[in-house]
Amino acid sequence: MNPGIAYALLGAALFGASTPIAKLLVGEVGPVMLAGLLYAGRAWTRPLACRARLAFAGRRAARFAPGDYKWLAGAVILGGVIGPALLMLALAASSASSCRSF
């Protein structure tokens, strides 16, 4: 199997597992704070993983084109701030019976 496909499947499985786990944590920590903590942790580990991978491969990181920054900013705001906060608020408002996988 292609390593890229394996990494994508692993990432999808871990992302799918994060919602039931977050449902368990949302009672202990406020929903917006939990979303912030989860995504801040991811924001700190991703650059380290990318740099390590590039260092072992001996390549340089790709550069953004000038027009790409507005799309990146939109993705960060919608997918990294608003989306996670709304997800945690929805988990806090939903009943525990909607999460039967545990």
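Predicted, not measured: the structure shown is a model, and the values here were computed from it.

1. Looking at the overall build of the protein
Then comes step 1: Scanning the protein from terminus to terminus reveals three helices and zero strands.
Then comes step 2: Written out in order from the N terminus, the α and β elements of the protein read α-α-α.
Then comes step 3: Sequence-distant contacts in the protein: of pairs separated by 6 or more residues, those separated by 24 or more amount to 73%.
Then comes step 4: When the accessible surface of the protein is split by element, carbon and sulfur atoms take 71% of a total near 8,000 Å².

2. Details of a nonpolar patch on the surface
Then comes step 1: On the surface, Val 32, Phe 64, Tyr 69, Leu 72, Val 76, Ile 77, Leu 78, Val 81, Ile 82, Leu 86 and Leu 89 cluster together into a nonpolar patch covering about 1,000 Å² of accessible area.
Then comes step 2: Tallying contributions element by element places helix H3 (residues 68-93) first for the nonpolar patch, with nine residues.

3. Some words on the confidence of the model for the protein
Then comes step 1: Residue-level pLDDT values for the protein average 79, and 83% of them are 70 or greater.
Then comes step 2: Averaged over each element, pLDDT in the protein is lowest for helix H2 (residues 31-57) (76) and highest for H3 (86).

4. Remarks on the nonpolar core
Then comes step 1: By size, the foremost hydrophobic cluster in this structure holds six residues: Ala 22, Val 26, Leu 34, Ala 35, Met 88 and Leu 91.
Then comes step 2: The set of elements that each furnish at least two residues to this core consists of H2 and H3.

5. Description of helix H1 (residues 3-25)
Then comes step 1: Between its first and last C-alpha, H1 extends 32 Å over 23 residues, near the 33 Å set by a 1.5 Å rise per residue.
Then comes step 2: Along H1, the largest kink reaches about 25° and is centred on Thr 19; proline Pro 20 follows within four residues of it.
Then comes step 3: Of the residues making up H1, those classed as buried are Pro 20, Ala 22 and Lys 23.

6. Thoughts on H3
Then comes step 1: In this model, H3 (26 residues) spans 36 Å end to end at C-alpha, consistent with the 38 Å of a helix rising 1.5 Å per residue.
Then comes step 2: Buried within H3 we find Pro 84, Ala 85, Met 88 and Leu 91.

7. Quick look at the packing of H1 against H3
Helix-helix packing: each pair is described by the crossing angle between the helix axes and the interaxial distance.
Then comes step 1: The interhelical angle for the contact between H1 and H3, taken along N-to-C directions, is 55°, at an axis separation of 9 Å. Classified by the angle their axes make, H1 and H3 are oblique. Of the two elements, H1 crosses H3, and the hand of that crossing is right-handed. In this structure, H1 uses Thr 19, Ala 22 and Lys 23 to contact H3, whose residues at the interface are Leu 87, Met 88 and Leu 91.
Then comes step 2: For the contact of H1 with H3, a count of residues per class yields four nonpolar, one polar and one charged.

8. Notes on the side chain of Lys 23
Then comes step 1: With respect to the helices, strands and loops of the structure, Lys 23 is situated in helix H1.
Then comes step 2: The side chain of Lys 23 sits in the buried core without any salt bridge; Glu 28 is the nearest counter-charge, 12 Å away.
Then comes step 3: At a separation of 2.4 Å, a polar atom in the side chain of Lys 23 contacts the main-chain carbonyl oxygen of Leu 91.

9. Looking at the environment of Gly 36
Then comes step 1: Tracing the backbone through its elements, the reader meets Gly 36 in helix H2.
Then comes step 2: By relative accessible area, Gly 36 is classed as partly exposed at 39%.
Then comes step 3: Gly 36 sits 48 residues away from Pro 84 along the chain, and the two C-alpha atoms are 7.8 Å apart.

The rules behind each value
- Residues numbered from 1 in each chain as written.
- Predicted model: local features only at pLDDT ≥ 70, side-chain atom pairs only at ≥ 80, totals over all residues.
- Heavy atoms only, no water.
- Helix = DSSP H or I, 4+ residues; strand = E, 2+ residues; numbered from the N terminus.
- Contact = heavy atoms within 4.5 Å.
- Areas by Shrake-Rupley, 256 points an atom, 1.4 Å probe, with all protein chains shown as cover.
- Patch = residues over 30% accessible without salt bridge, like charges linked within 9 Å, V, L, I, M, F, W, Y side chains within 5 Å.
- Salt bridge = Lys/Arg side-chain N within 4 Å of Asp/Glu carboxyl O.
- pLDDT = per-residue confidence, 0-100.
- Core = buried A, V, L, I, M, F, W, Y, C linked by side-chain atoms within 4.5 Å.
- Buried < 20%, exposed > 50% of the residue type's maximum accessible area, 1.4 Å probe, protein only.
- Expected span 1.5 Å × (residues − 1).
- Bend = angle between axes of the 7 residues up to and from the residue.
- Axes fitted to C-alpha atoms, helices over the stretch in contact; angles between N-to-C directions.
- Parallel < 35°, antiparallel > 145°, perpendicular 65-115°, else oblique.
- Left-handed = near helix turned anticlockwise from the far one by under 90°.
- Nonpolar A, V, L, I, M, F, W, Y, C, P; charged D, E, K, R; others polar.
- Lys, Arg positive; Asp, Glu negative; His and termini not counted.
- Polar contact = N/O pair within 3.5 Å; in protein donor to acceptor, adjacent residues only side chain to side chain.

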